[in-house]
Amino acid sequence: MRKNVLMAVVATLAPSSLWACTLCHSRIAEDTRATVMGHDLWSNMAALLLPFPLLFAAVLLARRVAP
C-alpha cells in the first residue's frame, strides 16, 4: 500500500518539475537558437563537429605510440 502511495506522489510531482526550467523558454534561449540555426547553419555545424575527428585521430596516434 505504501509503495502505491509513493508511486502516486512521484507520478504527480514529476510533470511539474519538467515545467520548472524556464531557461528553454527565455529570450536568451530563443536568441541562441536563432543564431546557431540561422543562415550559416552549415558553418556552425562544421565548427561544432570539427574537433571530434581531430580528437579521435589524436587518441589513435597516442594509442599506437604508447606501449
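Residues numbered from 1 in each chain as written. Predicted model: local features only at pLDDT ≥ 70, side-chain atom pairs only at ≥ 80, totals over all residues. Heavy atoms only, no water.

Asks: When you look at a nonpolar patch on the surface in this model, what are you seeing that I'm missing?
Replies: There is a patch of nonpolar side chains on the surface, built from Val 36, Met 37, Trp 42, Met 45, Leu 48, Leu 49 and Phe 52 and spanning about 790 Å² of accessible area. The residue Val 36 is located in helix α2 (residues 27-36) in this model. (Patch = residues over 30% accessible without salt bridge, like charges linked within 9 Å, V, L, I, M, F, W, Y side chains within 5 Å. Areas by Shrake-Rupley, 256 points an atom, 1.4 Å probe, with all protein chains shown as cover. Salt bridge = Lys/Arg side-chain N within 4 Å of Asp/Glu carboxyl O. Helix = DSSP H or I, 4+ residues; strand = E, 2+ residues; numbered from the N terminus.)

Asks: Any chance you could explain the packing of helix α3 (residues 41-49) against helix α4 (residues 51-65) here in plain terms?
Replies: How two helices pack is summed up by the angle between their axes together with the distance between the axes. Close contact between α3 and α4 brings their axes to 5 Å; oriented N to C, the two are set at 20°. It follows that α3 is roughly parallel to α4 by the angle criterion. Touching Ala 47, Leu 48 and Leu 49 of α3 are Pro 51, Phe 52 and Pro 53, all from α4. Of the residues that constitute the contact of α3 with α4, the class distribution is six nonpolar, no polar and no charged. (Axes fitted to C-alpha atoms, helices over the stretch in contact; angles between N-to-C directions. Parallel < 35°, antiparallel > 145°, perpendicular 65-115°, else oblique. Contact = heavy atoms within 4.5 Å. Nonpolar A, V, L, I, M, F, W, Y, C, P; charged D, E, K, R; others polar.)

Asks: Can you walk me through α4 in this structure?
Replies: At 3.6 residues per turn, the α-helix brings residues three or four places apart onto the same side. Counted at 1.5 Å a residue, the expected span for α4 with its 15 residues is 21 Å, and the 21 Å between its end C-alpha atoms agrees. The buried count for α4 comes to zero of 15 residues, which makes it a mostly uncovered element. (Expected span 1.5 Å × (residues − 1). Buried < 20%, exposed > 50% of the residue type's maximum accessible area, 1.4 Å probe, protein only.)

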